[in-house]
Amino acid sequence: MPAIAVEGLRKRYGEVRAVDGVTFEVAHGEFYGILGPNGAGKTTTLELVEGLREPDEGSARLLGQPSWPRDPKLLRRIGVQLQASAFFEKLTAREQIHTFAALYGVPAKRADEMLETVGLTEKAGTRDDKLSGGQAQRLSIACALVHDPELVFLDEPTTGLDPQARRNLWDLLRAINAQGRTVVLTTHYLDEAEILCDRVAIMDAGRILRVGVPSELIAELGVKNLEDVFLQLTGREYRE
Ligand SMILES: Nc1ncnc2c1ncn2[C@@H]1O[C@H](COP(=O)(O)OP(=O)(O)OP(=O)(O)O)[C@@H](O)[C@H]1O
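Residues numbered from 1 in each chain as written. Predicted model: local features only at pLDDT ≥ 70, side-chain atom pairs only at ≥ 80, totals over all residues. Heavy atoms only, no water.

Going by what an unreviewed UniProt entry lists, the chain is known as ABC-type xenobiotic transporter and is assigned to Streptomyces mimosae. UniProt's Subcellular location (unreviewed entry) comment on the chain is quoted here verbatim: "Cell membrane". (UniProt positions renumbered as here; feature names shortened; annotations may be inferred.)

Written out as structure tokens, the structure is:
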């Protein structure tokens, strides 16, 4: 049984087919990337898969269970990185993660360990609005991991970070995956997907154009990188 099985997902917003018949599977322990330009439908796909939105059609199963309608027992087993804007207001980094831990019934000690894992122990007493972009991203990842989920979903985790902060976050994401967790991320950085992901699904206009191992896709199409793969598949230059 795959960790994630998605079948025929569709979601429309008025005339816009944000997700237009998406099917894919993710194996246990896989690092899977959903990539595509702005507006491709990555975020909507992820929200449907996570069970945060109701699909118009199709279904997603996580660890063998349907993600919609939501089931608290299943939610306990998945971690969703929320945007920093979803933090509780005016709390310090430590207070944020302790609050998440308390909601999940996780001991405070575990919350402190997660702060250490993401390298934020020194910033534990800093209020969320005083953290840098990279620190806030790491705190949101720590909050998503505090209850030790088997599946981790990250929506554009490195957007807006400087190159060094991006690399640090890549190390953290690799470590999370190396612990045996299944990781799904969306990104519009093709270089990031090429470096991190075991397999990628390339999305455009609500559809998955191709799924594969980055190096195999590049070799198959006889091109240099994933940007060229996108160009070959769509006939358009990839623009962030
Ligand atoms: N709540 C909404 N109401 C109306 N239209 C929406 C809504 N959410 C997304 N859309 C539209 O659906 C399409 C897909 O959006 P989505 O955010 O899923 O793409 P994305 O690939 O994640 O893009 P980005 O990288 O910009 O976040 C876009 O055309 C977007 O404008």
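Peer 1: Looking at this structure, I do not really get the packing of helix α3 (residues 93–104) against helix α5 (residues 133–145). What am I missing?
Peer 2: Any two packed helices are characterised by how steeply their axes cross, that is the angle between the axes, and by the distance between the axes. At their nearest, the axes of α3 and α5 sit 9 Å apart, and the two run at 20° to each other. On the basis of their axis angle, the class for α3 and α5 is roughly parallel. The way α3 lies across α5 gives a crossing that is right-handed. For the pair α3 and α5, the contacting residues are A93, Q96, I97 and F100 in the first and L139, A142 and C143 in the second. Its residues placed into classes, the contact of α3 with α5 shows six nonpolar, one polar and no charged. (Axes fitted to C-alpha atoms, helices over the stretch in contact; angles between N-to-C directions. Helix = DSSP H or I, 4+ residues; strand = E, 2+ residues; numbered from the N terminus. Parallel < 35°, antiparallel > 145°, perpendicular 65-115°, else oblique. Left-handed = near helix turned anticlockwise from the far one by under 90°. Contact = heavy atoms within 4.5 Å. Nonpolar A, V, L, I, M, F, W, Y, C, P; charged D, E, K, R; others polar.)

Peer 1: Help me understand the side chain of S67, please; the structure alone is not making it clear to me.
Peer 2: Structurally, S67 can be placed in the loop between β5 (65–66) and α2 (72–75). In terms of polar contacts, S67 uses its side chain to reach the backbone carbonyl oxygen of V49, at 3.0 Å. Excluding anything up to four places from it in sequence, S67 contacts L48, V49, E50, G51, A60, L62 and L74. (Polar contact = N/O pair within 3.5 Å; in protein donor to acceptor, adjacent residues only side chain to side chain.)

Peer 1: I would appreciate a short explanation of the sheet that holds strand β2 (residues 16–26) in the present structure.
Peer 2: Strand order in the open sheet formed by four strands is β2-β1-β4-β5, with antiparallel pairing between adjacent strands. Since the sheet does not close on itself, it has two edges, and those belong to β2 and β5, each with one partner. Across eight bridges, strand β1 (residues 4–13) lies against β2 in antiparallel orientation. Bridge pairing links R10 to D20 in β2. (Pairing = 2+ DSSP bridges.)

Peer 1: Mind showing me how you'd approach the pattern of salt bridges here?
Peer 2: Pairing is possible between side chains of opposite charge, provided their charged atoms come close. Under the criterion given, the structure shown has 20 salt bridges. When the shortest N-O distance is used, the salt bridge between E150 and R77 registers 2.8 Å. Placement of E150 in the loop between α5 and β7 (151–155) and of R77 in the loop between α2 and β6 (78–80) is noted, with a sequence separation of 73 residues between them. Overall, the relative accessible area of 35% leaves E150 in the partly exposed class. Judged by relative accessible area, R77 falls into the partly exposed class, the value being 31%. (Salt bridge = Lys/Arg side-chain N within 4 Å of Asp/Glu carboxyl O. Buried < 20%, exposed > 50% of the residue type's maximum accessible area, 1.4 Å probe, protein only.)

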